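A structural walkthrough
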Amino acid sequence: MPFLTSPVLSDGTLAGRPQPTVPTGDGLLLRPWRDADAPAVHEVFQDPVMHQWHARSADTVAEVAGWIGDWRRAWQEERAAQWAVVGADTDSLLGRVALREIRLVDGSAEMAYWTVPAARGRGIAVRAADALARWALDEVGFHRLELLHAVRNEASCRVATRTGFVFEGIKRKAVLHPDGWHDMHLHARLRGD
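Being a predicted model, the structure only gives us computed values, none of them experimental. (Residues numbered from 1 in each chain as written. Predicted model: local features only at pLDDT ≥ 70, side-chain atom pairs only at ≥ 80, totals over all residues. Heavy atoms only, no water.)

1. Considerations on the environment of Arg162
Counted only if it meets this: Secondary structure elements follow DSSP: runs of H or I no shorter than four residues count as helices, runs of E no shorter than two count as strands, and numbering proceeds from the N terminus.
Within the secondary structure, Arg162 sits in helix α5 (residues 154-162). Each C-alpha atom, one on Arg162 and one on Pro39, is 30 Å from the other, the two residues being 123 residues apart in sequence.

2. A short note on the pairing of strand β6 (residues 144-150)
As a reminder, the rule being used: For every residue, the accessible area obtained with a 1.4 Å probe (protein chains only) is divided by the maximum for its type, and the residue is called buried under 20%, exposed over 50%, and partly exposed between those limits. Between any two strands, pairing holds if DSSP finds at least two bridges. With the strands aimed away from the viewer, a crossover counts as right-handed if its path from the first strand over the helix to the second runs clockwise.
Counting buried residues along β6, five of its seven residues qualify, which places the element largely inside the surrounding structure. Direction of pairing for strand β5 (residues 108-115) relative to β6: parallel, over a ladder of four bridges. Within β6, the residue paired with Ser108 across the bridge is Arg144. The parallel pair β5 and β6 is bridged by helix α4 (residues 124-140), and the resulting crossover is right-handed.

3. Let's talk about the nonpolar core
Under the convention used in this document: Residues belong to a common nonpolar core when they are buried Ala, Val, Leu, Ile, Met, Phe, Trp, Tyr or Cys residues joined through side-chain atoms within 4.5 Å. Whether two residues are in contact is decided by their heavy atoms, any of which lying within 4.5 Å being enough.
Core analysis: the largest hydrophobic core is formed by 52 residues, its most contacted members being Leu99, Met111, Trp135, Phe142 and Leu145. If one sorts the elements of this core by residue count, α4 sits on top with 12 residues. Apart from the residues lying within four places of it in its own chain, the contact partners of Phe142 are Leu9, Leu99, Ile102, Leu104, Gly107, Ser108, Ala109, Ala136, Leu137 and Arg191.

4. Quick word on the pattern of salt bridges
Note the threshold: Think of a salt bridge as a Lys or Arg side-chain nitrogen and an Asp or Glu carboxyl oxygen that are within 4 Å of each other.
Here the structure, examined in full by the defined rule, presents 15 salt bridges. Between Asp47 and Arg120 there is a salt bridge whose closest N-O contact spans 2.7 Å. Taken together, the positions of Asp47 in the loop between α1 (38-44) and α2 (48-53) and Arg120 in the loop between β5 and α4 put the pair 73 residues apart, joining distant regions of the chain. For Asp47, a relative accessible area of 13% translates into the label buried. A relative accessible area of 29% means that Arg120 is categorised as partly exposed. A salt bridge links Glu77 to Arg79, with the shortest nitrogen-to-oxygen separation between them at 2.5 Å.

5. As for the pairing of strand β2 (residues 28-31)
As judged from the two bridges shared by strand β1 (residues 22-23) and β2, these two strands associate in the antiparallel manner. The residue of β2 that forms the bridge with Pro23 is Leu29. If you look at the hairpin formed by β1 and β2, you'll find four residues sitting between the two strands, and Gly25 has a positive phi there, around 85°.

In structure tokens, the structure reads:
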């Protein structure tokens, strides 16, 4: 049975080219992950704040190296796109920004991010998320990006608001964390916002 609408983005939109490096224009780069990033990511995941807002832990550097391999495969499979956020001059890891749950047919994805402890409070997540949203919406042609965060995660809510993700509502008990089910704020940014 044929669809009555055409896909917003066609298969191959992402995988048909190498994953780009995206400059923020203010001293940061979003670059594809490298194997050499595994020790730094492992270290970030030892931080208690990461355990509070993420459902994953990292026991070993080898485990994180597996994640990085999966992140690269996800680009080729067009199911997710993950970038390391680094200083443009230093290449030091400052965070991660990603498009998860990519649905090319709908032109939609979910934004995700984190920052290393030393980079928090410096606007790194805001700058990285804004650059990725502009790239995804304006250059690639996504229609809608969603952003979910735990209601109690006020820092993430500030990032969403500052990057133009409009608050749309609360998804009740939508995500299971180690301390139980969390209500989640749903924000979204549309092409043309």
